[in-house]
Amino acid sequence: MATPGTSEAAREPARAGSTGWFLVLTGCGVALRLVALLLAGDLEPVLDEGAYLYHAACWERFGFHVDSGRWLWAPGYPLFLRVALGAFGVEGVQVAKLVQVVLSASVGFCTMRIAADLFGRRAGVAAGLLWCVHLPLIGFTHLLWPETLFLALLMPALALQLRWSQRADEPGAAGLLLPAGLLLGCAALVKEAAVLLPLVLAAAILVRLRGSWREGARAASLLVLAAVAAVLPWSLRNQEVHGQVALVGASAGYNSWVGITGRTRNFDYPAAFLAPGRDGYASLYDAEDWRFRAFIERPEGTTLEALPARREGRSPRNAVQLSRAETARAWRHARRHPGLFLRGRIKQLSNWVTPTSFFVRHMGMGRYVGLQPGGWLQRALLVTALLVPALVLVLGVRGLVRLVRARAPGTEVVLAALALAVALALLVGMSRHR
């Protein structure tokens with residue numbers, strides 16, 4: 001098996017001979033996801049799934065994106081659902097899920113390609129087998145969450161930059177960074193969490209070409225400007241609508257406040273308010289939340305304007321201002337209570353490495369009505385859904401250690417992406433960020 005640091009000439013035959021196996025494994029993984037989609041049936045939307053559908057339906061009906069009152073969500077996934085609903089009506093929901101199954105081929109193939117480029121053919125095949133049976137990822141293909149679409153854009157971008165890193169000294173290698181940047185920008189339009197990734201990966205480029213800062217600056221700027229070109233139209237729209245710059249979305253403020261103050265709400269776990277037939281959404285909002293003050297605790301005859309403003313001043317006028325105010329509020333809390341802040345980071349990181357997922361949560365809540373509770377099939381699926389992410393984590397740590405020791409080209413790409421993932425996990429430690 002090829003190891004990190006193997007010469008490019010020695011790796012090329014392995015790449016050529018591996019493509020066929022990778023395509024076969026990709027087909028097997030897509031087939032398994034299609035079977036899972038058929039067995040899952042018509043699942044009721046849970047939490048943000050319903051919000052995505054609402055935004056998509058409003059966009060299709062009224063012709064513009066309806067922002068949430070508290071969050072400014074990235075537009076990519078509502079647009080994806082809007083196209084499906086516009087073309088197929090109510091059946092567009094199932095069509096969107098079917099498209100997600102097909103798009104998962106990009107995730108699987110690029111995962112194998114990255115593993116093979118870093119460690120050799122056998123590592124690529126092993127990665128493909130793990131991807132095929134990775135039930136949390138399978139679950140996202142038949143749920144209305146943006147993860148599959150996001151990864152279908154992100155993984156090719158990382159594969160392209162990794163290939164560039166291994167061929168940086170060859171003529172024309174910089175051409176790989178243009179599509180990589182465009183894909184990164186499109187991924188950020190699907191999930192706001194990726195908005196900083198082009199800058200992090202640009203830093204990895206500078207590290208790779210640290211012997212020639214001029215060439216490094218050119219390559220890094222190509223990646224960043226390509227990503228900016230993808231998000232710029234939506235950023236200009238946000239400036240026009242909200243009067244302030246928001247590159248993609250503005251949901252970081254609420255996530256910062258919840259993540260830093262220690263009020264941990266990890267939706268990987270089957271919380272009571274998510275159980276079928278229970279309406280417990282009000283339990284999400286504490287007494288300091290503006291929705292609680294406006295619609296739950298409001299005395300009879302009191303208008304919204306008469307409610308007391310926050311201690312920082314009157315409540316912000318739109319989602320962008322609210323997000324920035326909550327971010328500032330969260331960091332003030334961290335400065336005043338450093339011990340609580342540190343304890344919260346440990347807790348979030350522990351949540352991140354726990355092999356839970358939305359798939360496990362749905363099983364615990366009985367959302368898959370076709371599965372007999374406590375039956376052998378359900379037990380087998382639960383064990384697999386817990387063991388595979390744990391195995392991936394253990395093998396990933398081992399591979400990372402080998403990679404860092406070898407210092408092979410491409411190591412900086414892996415470390416940059418991992419650093420941002422861990423930073424996000426320290427704020428919101430759930431499987432979606434894993």
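Everything here concerns the structure above.
Residues numbered from 1 in each chain as written. Predicted model: local features only at pLDDT ≥ 70, side-chain atom pairs only at ≥ 80, totals over all residues. Heavy atoms only, no water.

**Here's the deal with unusual backbone geometry**
Next, step 1: Positive phi values are uncommon outside glycine, yet Arg407 reaches one of about 55°.
Next, step 2: Mapped onto the secondary structure, Arg407 falls in the loop between α16 (376–406) and α17 (411–427). (Helix = DSSP H or I, 4+ residues; strand = E, 2+ residues; numbered from the N terminus.)

**Points about the packing of aromatic side chains**
Next, step 1: Tallied over the full model, the rule gives eleven aromatic pairs.
Next, step 2: A ring pair is formed by Phe22 and Phe109, whose centres lie 6.4 Å apart and whose planes are at 80°; its orientation type is edge-to-face. In this pair, Phe22 sits in helix α1 (residues 8–40) while Phe109 sits in helix α4 (residues 92–119), placing the two residues 87 residues apart along the sequence.
Next, step 3: Between Tyr52 and Tyr77, the aromatic rings sit 5.2 Å apart at their centres with planes inclined by 80°, giving edge-to-face as the arrangement. With a gap of 25 residues between them, Tyr52 in helix α2 (residues 48–62) and Tyr77 in helix α3 (residues 76–88) connect regions that are remote in the sequence.
Next, step 4: Taking relative accessible area as the criterion, Tyr52 reaches 7% and is therefore assigned buried. (Phe/Tyr/Trp six-rings, centres within 6.5 Å; stacked < 30°, edge-to-face > 60°. Buried < 20%, exposed > 50% of the residue type's maximum accessible area, 1.4 Å probe, protein only.)

**What about a nonpolar patch on the surface?**
Next, step 1: A cluster of nonpolar side chains, Leu349, Val353, Leu393, Val397 and Val401, forms an exposed patch at the surface whose accessible area comes to about 350 Å².
Next, step 2: Secondary structure elements with two or more residues in the nonpolar patch: α14 (338–353) and α16.
Next, step 3: Tallying contributions element by element places α16 first for the nonpolar patch, with three residues.
Next, step 4: The topology assignment puts Leu349 in helix α14. (Patch = residues over 30% accessible without salt bridge, like charges linked within 9 Å, V, L, I, M, F, W, Y side chains within 5 Å. Areas by Shrake-Rupley, 256 points an atom, 1.4 Å probe, with all protein chains shown as cover. Salt bridge = Lys/Arg side-chain N within 4 Å of Asp/Glu carboxyl O.)

**What about the nonpolar core?**
Next, step 1: Of all hydrophobic cores here, the largest spans 85 residues; its most connected members are Leu81, Trp164 and Leu201.
Next, step 2: Among the elements that take part in this core, helix α7 (residues 147–166) stands out by supplying twelve residues, more than any other.
Next, step 3: Discounting chain neighbours no more than four positions away, the residues touching Leu201 are Leu158, Gln161, Leu184, Leu223, Val413, Ala416 and Ala417.
Next, step 4: Grouped together as the second largest cluster of nonpolar side chains are five residues, Leu72, Ala250, Ala319 and Val320 included. (Core = buried A, V, L, I, M, F, W, Y, C linked by side-chain atoms within 4.5 Å. Contact = heavy atoms within 4.5 Å.)

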